[in-house]
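Here are the chains, one letter per residue:
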Amino acid sequence: MSKMTLKTEGDTHVVVTRRFAAPPEALYRAHTEPELIRKWLLGPEGWTMPVCISDARPGGKIRYEWTNSKGGGFHLTGEYRELEPYGRIVHVERMHLPNPTPDNHVETRFDPDGGGTLMTMRMTLPDAQTRAGMLASNMEHGMEASYVRLEGMI
Amino acid sequence: MSNLDAAFSALADPTRRAILARLAKGEATVTELAAPFEVTQPAISQHLRVLEEAGLIARRVDGTKRPRRLVKAGIDAMDQWLAIFRKALERDYDRLDEVLASMEPDKKERKRDEQDDA
């Protein structure tokens, strides 16, 4: 099953697409309402999001804090820039590892697709190096779970 | 496999990942590589040694300089970051499928309530 596509575009973009069997309104809510966000935006198994702040209005703050049972943790902060219910969200985010990473500008679109939704998330990093760093910082989060998978891949 | 282990321990350090990210843009000298970091040049040299032993970077002799560059395995390692990112996202979106499925009944109920009110 390959519902998701992930590709780099030019030097500074990462574009993700994914189809969902739910209407754009549900996707929009699941991306903006804290009680829904914290159920799925967790990365590898074993992580939870004890703090989830999502003030979904232009200029509104975003703060996600993740933790695992081994005492690991990190957080992300950001701001909403544009919100067009239920089709489009533009926000800025940065990871704190613990130093903040350069801003990642993210545009997320939810387009009706048959009975469901096609989501397109376009990330824009300041430069190629930051993009590599962003992909790498994710590794920090996912590394343990990924060791085994990668060994299988190679 | 042991080289893969070495590559992954090499990648486990943020400074070394940053060095690789810099080398992804092209060859660089030790001085250039050390510039963005608040660590000593010997410390950077130590990181470079780890990366070299892991087969991620190589050096070239250019007069008194020893510029480093990324080797194929280093580039592949970067690709793997993308693969790891993909895995994390796929997991998130599989969970989101479940969240969306659990939202549906609420919506139907809400519609039914509205009808009841009417």
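Here the structure is a predicted model, which means the values were calculated and not measured.

1. Let's talk about the overall build of chain B
Then, in step 1: Helices and strands together make up the secondary structure of chain B, namely five helices and two strands.
Then, in step 2: Listing each helix as α and each strand as β along chain B from the N terminus yields α-α-α-α-β-β-α.
Then, in step 3: Counting contacts in chain B only where the partners sit at least 6 residues apart, residues at least 24 apart contribute 51% of the total.
Then, in step 4: When the accessible surface of chain B is split by element, carbon and sulfur atoms take 50% of a total near 6600 Å².

2. A short note on the sheet that holds strand 8 (residues 116–124) of chain A
All names here are of chain A.
Then, in step 1: Read from one edge of the open sheet, eight strands run 1-2-8-7-6-5-4-3, paired in antiparallel fashion. Two strands in the sheet have a free side with no partner beyond their single neighbour: strand 1 (4–9) and strand 3 (47–54). The mean inter-strand angle of the sheet, taken between neighbouring strand axes irrespective of direction, is 20 degrees.
Then, in step 2: Of the strand pairs in this sheet, strand 6 (residues 88–96) and strand 7 (residues 104–113) are connected by six bridges, and their pairing is antiparallel. The partner of His91 across the bridge, within strand 7, is Val106.
Then, in step 3: Strands strand 2 (13–20), strand 3, strand 4 (61–68), strand 5 (73–84), strand 6, strand 7 and strand 8 of the sheet are contacted by helix 1 (residues 24–32), whose axis makes an angle of about 155 degrees with strand 7.

3. Focus on the side chain of A:Thr32
All names here are of chain A.
Then, in step 1: Looking at the secondary structure, you find Thr32 in helix 1.
Then, in step 2: A polar contact is formed between the side chain of Thr32 and the backbone oxygen of Tyr28, at a distance of 2.7 Å.
Then, in step 3: Beyond its immediate stretch of four places on either side in the chain, Thr32 contacts Ile37, Ser54, Ala56, Tyr80, Leu83 and Ile89.

4. Focus on the pattern of salt bridges
Then, in step 1: Applying the stated criterion across every chain, the model contains 19 salt bridges over all chains.
Then, in step 2: Residue A:Asp103 is joined to A:Arg94 by a salt bridge in which the shortest nitrogen-to-oxygen separation is 2.6 Å.
Then, in step 3: A relative accessible area of 26% means that A:Asp103 is categorised as partly exposed.
Then, in step 4: What emerges from the salt-bridge pattern is a single network uniting A:Lys3, A:Arg18, B:Asp94 and B:Asp97.

5. What about the nonpolar core?
Then, in step 1: Within the largest apolar cluster, 41 residues are counted, with the highest numbers of intra-cluster contacts made by A:Val16, A:Tyr64, B:Tyr93, B:Leu96 and B:Leu100.
Then, in step 2: It is helix 5 (residues 72–117) of chain B that contributes the most residues to this core, eight residues altogether.
Then, in step 3: Setting aside chain neighbours within four positions, we find B:Leu100 in contact with A:Phe20, A:Ala22, A:Ala26, A:Leu27 and A:Ala30.
Then, in step 4: Counting 16 residues, the second-largest nonpolar core is a separate cluster that includes B:Ile19, B:Ala28, B:Leu33 and B:Leu56.

6. What to know about the packing of aromatic side chains
Then, in step 1: The final tally for this structure, using the stated rule, is six aromatic pairs over all chains.
Then, in step 2: Look at A:Phe20 and B:Tyr93: their rings are 5.7 Å apart centre to centre, the planes differ by 80 degrees, and that puts the pair in the edge-to-face class. Of this pair, A:Phe20 sits in strand 2 while B:Tyr93 is found in helix 5, placing the two residues in two different chains. Considered together, A:Phe20 and B:Tyr93 belong to a single accessibility category, that of buried residues.
Then, in step 3: Taking the centre distance of 6.0 Å and the plane angle of 75 degrees together, the rings of A:Tyr64 and A:Trp66 count as edge-to-face.
Then, in step 4: Note on A:Tyr64: relative accessible area 6%, which makes it buried.
Then, in step 5: These aromatic residues form a ring-pair network of at least three members: A:Trp47, A:Tyr64, A:Trp66 and A:Phe74.

Calculation criteria
Residues numbered from 1 in each chain as written. Chains lettered and ligands numbered in written order. Predicted model: local features only at pLDDT ≥ 70, side-chain atom pairs only at ≥ 80, totals over all residues. Heavy atoms only, no water. Helix = DSSP H or I, 4+ residues; strand = E, 2+ residues; numbered from the N terminus. Contact = heavy atoms within 4.5 Å. Areas by Shrake-Rupley, 256 points an atom, 1.4 Å probe, with all protein chains shown as cover. Pairing = 2+ DSSP bridges. Axes fitted to C-alpha atoms, helices over the stretch in contact; angles between N-to-C directions. Polar contact = N/O pair within 3.5 Å; in protein donor to acceptor, adjacent residues only side chain to side chain. Salt bridge = Lys/Arg side-chain N within 4 Å of Asp/Glu carboxyl O. Buried < 20%, exposed > 50% of the residue type's maximum accessible area, 1.4 Å probe, protein only. Core = buried A, V, L, I, M, F, W, Y, C linked by side-chain atoms within 4.5 Å. Phe/Tyr/Trp six-rings, centres within 6.5 Å; stacked < 30°, edge-to-face > 60°.

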